[in-house]
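For reference, the chains in residue letters:
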Amino acid sequence: MPEQTASELVVVANRLPVQRNGGQWETSPGGLVSALLPILQRERGVWVGWPGSGDAPEGAFEHDGFTNVPVELSASEIDDYYEGFSNSSLWPLYHDACQPPRFHRRWWHSYVAVNKRFAEAACSVASEGARILVQDYHLQLVPGMIRELRPDVRIGFFLHIPFPPTELFSQLPWRRQIVEGLLGADVVGFQTRRGAQNFMRLVTRFTDHRAQGSRVKVGTRAVQARAFPISIDTARFERLCADPAIIARSRDIRREAGEGRSIFLGVDRLDYTKGIDIRLRSLQELLSSGKRTIHDTVLIQVSVPSREFVTEYVELRSRVEELVGQINGQFGEVGSAPVHYLRRNLPIEELVAHYMAADVMLVTPLRDGMNLVAKEYVACRPDNTGVLVLSEFTGAANELDRAVLVNPHDIDGMAAAFAEAASMPRDEQSRRMRSMRSRVRRRTVYDWADEFVGALDEPRQKTLTGVLA
Ligand code: G6P
């Protein structure tokens with residue numbers, strides 16, 4: 001990397017924020033990327049990450065006003081670091097162990113080696129005193145590794161997924177190393193206060209560092225651990241909702257799904273944490289009870305393919321597709337199916353048209369760090385109609401408490417909630433939606449970025465107050 005591109009702002013994430021579209025690179029859609037883009041562009045920042053495909057340029061490349069620094073992974077590292085330790089050990093463990101986490105020493109060794117590569121790549125492009133923002137569970141050792149190499153820089157770490165309670169985290173054979181790795185940062189950010197509290201308990205239990213309030217004293221440094229709930233680019237969704245072509249498309253979807261039917265919508269990565277199978281069984285229960293029928297109810301389930309080489313994802317897909325077949329076989333009629341199952345990623349315009357067409361949005365994960373689909377649906381209801389059915393076990397439930405909150409494990413409870421949502425009077429829909437819409441307008445992903453980066457900019461002396469006594 002040429003000397004002049006050493007940057008004062010470096011983002012480190014498992015994936016680069018760009019993807020190939022034909023021969024061209026384009027910026028990936030998504031909240032995190034759009035939140036960090038303005039500050040990356042303003043500060044001529046650098047993003048260090050895995051390009052995720054075999055044909056990335058060898059070295060750093062410019063795109064959209066910032067520099068991408070690719071970190072390559074070998075085939076065995078994709079198996080061991082990405083699919084193994086990140087997505088078969090940490091991912092299930094951090095999501096309430098809703099599938100049993102699997103631990104292998106080979107996976108751990110690969111995780112350490114790949115984290116080291118990311119840390120070195122970040123240090124090689126960071127200028128003196130730079131700010132380095134490390135993202136998510138794939139890279140929890142990176143803050144500690146950067147701290148060793150570059151004591152001059154300021155490091156923020158943000159975990160996008162839940163941080164588990166002590167009883168679960170303690171299963172991890174390398175629990176102390178992970179906690180110490182995170183403590184290399186100046187600021188460790190979580191989606192919820194509960195996550196930050198879980199982390200502080202672990203610090204006390206597995207390290208010798210002194211924790212007080214939201215601060216930990218690590219040698220002469222103070223580390224701040226607190227919640228920074230992430231959000232969406234609300235204005236962008238509101239703009240899309242006003243687009244005549246998207247409004248027309250949402251009417252088409254309504255017509256095609258069957259006028260007069262309540263449209264239920266699910267939009268998730270095809271991931272076992274999302275509770276798609278139990279959601280389908282709840283719908284099956286509802287239709288079996290006769291309280292709703294295919295003449296008044298239809299579900300559109302959009303399932304975005306994800307991590308398709310991990311066994312648990314392959315199994316989930318079979319389970320979901322079998323259930324869709326069962327329900328359609330049991331209740332469907334020629335020309336009318338109760339479930340429309342779309343296994344693909346929708347372009348944002350199409351996604352917004354679906355949000356606008358849906359009477360009831362089903363967001364029922366078994367555990368989720370935040371869940372931005374819930375916030376996107378709310379942002380896409382400019383006339384304050386529509387009902388959000390939301391799992392209690394999402395970060396979003398802390399803010400969107402006027403949703404119909406459900407226990408995503410409770411089939412009967414969810415079936416009852418679906419019926420309640422479908423028949424909720426307009427004025428009640430409107431009261432609830434209005435309040436939730438004002439929440440997603442008040443705090444956007446740009447506020448998240450300002451708060452997180454702002455916490456890193458606090459003078460060091462201030463963050464030491466209270467823990468150096
Ligand atoms: C979650 C994680 C992200 C991850 C995304 C997609 O939202 O928090 O870090 O990028 O899932 O998963 P993938 O494995 O395809 O990157």
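Here the structure is shown first, and the text comes after it.
Residues numbered from 1 in each chain as written. Predicted model: local features only at pLDDT ≥ 70, side-chain atom pairs only at ≥ 80, totals over all residues. Heavy atoms only, no water.

A. Local environment of the packing of aromatic side chains. Taken as a whole, this structure holds 22 aromatic pairs when the rule is applied. Summarising the aromatic geometry, the rings of Trp108 and Tyr111 are spaced 5.9 Å apart at their centres and angled 25° between planes, so their arrangement reads as stacked. Of this pair, Trp108 and Tyr111 are both found in helix H3 (residues 105-125), 3 residues apart, which corresponds to roughly one turn of the helix. Neither residue differs from the other here; Trp108 and Tyr111 are each classed as buried. Aromatic pair Trp108 and Trp174: ring centres 5.1 Å apart, planes at 10°, arrangement stacked. Separated by 66 residues along the polypeptide, Trp108 in helix H3 and Trp174 in the loop between helix H5 (166-169) and helix H6 (175-182) bring together distant segments of the chain. The class for Trp108 is buried, based on a relative accessible area of 7%. (Phe/Tyr/Trp six-rings, centres within 6.5 Å; stacked < 30°, edge-to-face > 60°. Helix = DSSP H or I, 4+ residues; strand = E, 2+ residues; numbered from the N terminus. Buried < 20%, exposed > 50% of the residue type's maximum accessible area, 1.4 Å probe, protein only.)

B. Structural context of unusual backbone geometry. Even without a glycine there, the phi angle at Arg44 is positive, about 45°. If you trace the backbone, Arg44 turns up in the loop between helix H1 (31-42) and strand E4 (46-50). Of the residues examined, Arg44 reaches a relative accessible area of 61% and is grouped as exposed.

C. Up close: the sheet that holds strand E14 (residues 297-304). Taking strand neighbours across the sheet as the criterion, the 6 strands line up as E15-E14-E13-E16-E17-E18 in an open arrangement whose pairing is parallel. Two strands in the sheet have a free side with no partner beyond their single neighbour: strand E15 (339-342) and strand E18 (404-406). Each strand of the sheet is rotated relative to its neighbour by a mean of 20°, with strand direction disregarded. As defined by bridge partners, strand E16 (residues 360-363) adjoins strand E17 (residues 387-391) across 4 bridges and the pair is classed as parallel. Opposite Val360, over in E17, you have Val387 as the bridge partner. Set on the sheet, helix H14 (residues 411-422) makes contact with strand E13 (262-269), E16, E17 and E18; between it and E18 the angle comes to about 170°. (Pairing = 2+ DSSP bridges. Axes fitted to C-alpha atoms, helices over the stretch in contact; angles between N-to-C directions. Contact = heavy atoms within 4.5 Å.)

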